[in-house]
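Chain by chain, the residues run as shown.
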Amino acid sequence: RVRGGDFSARIEDDTSKDEFGTLSRSFNRMTEQLEAQRSELMYANRRLDERRRFTETVLSGVSAGVIALDSNKKLTLYNRSSVAILSRVNKGLIEGEHITHFLPDIEELLGKAESLPTDVSEGTMVLENNEKTITLHVRVTVEHLGNEIEGFIITFDDITQLVVAQRSAAWADVARRVAHEIKNPLTPIQLSAERIKRKYLKFITED
């Protein structure tokens, strides 16, 4: 029964003090310990599974892309938003691949995060293919296990439309200022022309 995985198996209590009694009591203690350890392992696995499902549910509802790396900077986990964002420039995520395959310019941010492990390192990078360009705001945090780096968490947002809006606003402001500068000298010219017209209109005759 024990070999088949039934750790509830017990030998009937034997109060004798000979070898058989000692053996039966030792056997019962062993199966009790095995049963308790298996229960603890099953509980721990359930908790891990619940936490994994909770994490996946949370990540699936986040609009930002989230990528987890191991200490070698290889992809171990990602959410749906990261797939959706990177697919805009035809970049597919593959577990086990180095992060530079997906974010070629991220090495500098990763190095900064390693040198400042308690801070969030962030920056902007541009991804492009032959047809489209996107701008990402990227943040990198370091995961530690003791004094060793266990991995990295990368989050990023597609800020392409924000950048376009900011540029449009900047150009609109430039146009407004240029129009203002053009209009300023025209005003006194117009006033002078009107004064001349009023003063000399009576001397002007049509042939």
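Residues numbered from 1 in each chain as written. Predicted model: local features only at pLDDT ≥ 70, side-chain atom pairs only at ≥ 80, totals over all residues. Heavy atoms only, no water.

### Here we look at the overall build of the protein
Move 1: Check the secondary structure of the protein and you find four helices and five strands.
Move 2: Mapped in sequence order, the helices and strands of the protein form the string α-β-β-α-α-β-β-β-α.
Move 3: Every one of the 207 residues in the protein was classed for burial, and the buried ones make up 23%.
Move 4: Pairs at least 24 residues apart make up 40% of the contacts formed inside the protein by residues separated by at least 6 positions.
Move 5: Accessible surface, the protein as shown: approximately 15300 Å² in total, 54% of it carbon and sulfur. (Helix = DSSP H or I, 4+ residues; strand = E, 2+ residues; numbered from the N terminus. Buried < 20%, exposed > 50% of the residue type's maximum accessible area, 1.4 Å probe, protein only. Contact = heavy atoms within 4.5 Å. Areas by Shrake-Rupley, 256 points an atom, 1.4 Å probe, with all protein chains shown as cover.)

### A word on unusual backbone geometry
Move 1: One non-glycine residue with positive phi stands out, namely Lys73, at about 65 degrees.
Move 2: Counting through the fold element by element, Lys73 comes out in the loop between strand E1 (65–70) and strand E2 (75–78).

### Considerations on the sheet that holds E2
What holds strands together in a sheet is hydrogen bonding between their backbones, with the strands either parallel or antiparallel.
Move 1: As summarised here, the arrangement of the five strands in space is E2-E1-E5-E4-E3, forming an open sheet in which the pairing is antiparallel. Two strands close off the open sheet at either side, each with one partner strand: E2 and strand E3 (121–128). Averaged over all adjacent pairs, the angle separating strand axes in this sheet is 25 degrees, with direction ignored.
Move 2: Sheet analysis places strand E4 (residues 133–145) next to strand E5 (residues 148–158), joined by 10 bridges and oriented antiparallel. Paired with Leu145 across the two strands is Glu148, which belongs to E5. (Pairing = 2+ DSSP bridges. Axes fitted to C-alpha atoms, helices over the stretch in contact; angles between N-to-C directions.)

### A few points about the pairing of E5
Move 1: Across six bridges, E1 lies against E5 in antiparallel orientation. Residue pairing in the sheet places Val66 in a bridge with Thr155 of E5.
Move 2: Adjacent in sequence and paired antiparallel, E4 and E5 are bridged by two residues, among which Gly146 carries a positive phi angle near 70 degrees.

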